[in-house]
Amino acid sequence: VIVVALVGIGWHIFNRERRPPNESVASSAITDSTQRLQTRGDTAFAGGRYAEALEFFREALAEAPQNSELKNRLVRIEQAMKFKELMQQAELSEFRGELDEAAMRYDAAVALDEGETAKKWADRVREKIADNAALPLSKREDERKLQVKKAKDAEKVAKHEIAADCYARAAALADGAMRAKLADNASECRYQS
């Protein structure tokens, strides 16, 4: 048994030394290339450039398809991208006065959040929904008109960001076509700021 093992080890060493030099360089280059791609992906991910990081990690995984660390990085980036998309959609819904839709999207983002950001934003939107629901219809109308007035006053002095916020608050208190009009006003002011 020992003789067979020694013969096997000798045969392995002999074949390894007979391997053409380009083959060992090529396998080393793939490893170095994979490492470079992974490093570039890590740098892009840390910089918030998720799509770029995703491409680097996919290229690295194509070179090392069994690498579980790269697979984990891909999953993490895909989650980060989905989180960012949900937060942007939720913010847009909130901005347009569609608070129920915003709350739903923030809630979906909570499951992907590595911190507490989405939960805080979801709680804030729920608070707005509760505040709006607590107002009697006449008070809602008065508050909407007040927010529109504040928005117009802010526009007159070129404080477009404040105007956008006031129009968004007014949109959250409106329904139907009025909500859409106020949300469009908010978007226009946001664009001008």
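Just so it is clear, the structure is predicted and the values come from calculations on it, not from any experiment.

## Some details on the packing of helix α7 (residues 137–156) against helix α8 (residues 160–172)
Axis angle and axis distance: for two packed helices, these are the angle between their axes and the distance between the axes, and together they describe the pair.
Next up, step 1: At their nearest, the axes of α7 and α8 sit 8 Å apart, and the two run at 165° to each other. Here α7 lies roughly antiparallel to α8, going by the angle between them. The handedness of the crossing between α7 and α8 is left-handed. Side by side, α7 and α8 meet where Arg140, Arg144, Gln147, Val148, Lys150, Ala151, Lys152, Ala154 and Glu155 of the first sit next to His160, Ile162, Ala163, Cys166, Tyr167, Arg169, Ala170 and Ala172 of the second.

## Remarks on the packing of helix α4 (residues 68–95) against helix α5 (residues 99–110)
Next up, step 1: In contact at an axis separation of 8 Å, α4 and α5 are set at 165° when each is read in the N-to-C sense. Considered as vectors, α4 and α5 are oriented roughly antiparallel to each other. Crossing of α4 over α5 shows left-handed handedness. Counting all contacts with α4, which are made through Phe83, Leu86, Met87, Gln89, Ala90, Glu91, Ser93 and Glu94, the residues of α5 involved are Leu99, Glu101, Ala102, Arg105, Tyr106, Ala108 and Ala109.
Next up, step 2: Among the residues making up the contact of α4 with α5, the classes are represented as nine nonpolar, two polar and four charged.

Definitions and cut-offs
- Position numbers for residues start from 1 in each chain and track the written sequence from start to end.
- Local features in this predicted model are restricted to residues whose pLDDT is 70 or higher, and side-chain atom pairs enter the listing and the counts only when it is 80 or higher, whereas totals over whole chains, interfaces and linings include all residues.
- Hydrogens and water molecules were not included; the side-chain quantities draw on all heavy atoms of the structure.
- Helix axes are fitted to C-alpha atoms over the stretch in contact, other axes to C-alpha atoms as well, and angles between N-to-C directions run from 0 to 180 degrees.
- We count a stretch as a helix when DSSP gives it H or I for four or more residues in a row; a strand needs E for two or more, and each element gets its number in order from the N terminus.
- Working rule for angles: under 35 degrees goes down as roughly parallel, over 145 as roughly antiparallel, 65 to 115 as roughly perpendicular, anything else as oblique.
- In a left-handed crossing the near helix is turned counterclockwise from the far helix by less than a right angle, and in a right-handed crossing that turn is clockwise.
- Two residues form a contact once any of their heavy atoms are found within 4.5 Å.
- We call Asp, Glu, Lys and Arg charged. Ala, Val, Leu, Ile, Met, Phe, Trp, Tyr, Cys and Pro are nonpolar, and the rest, Gly among them, are polar.

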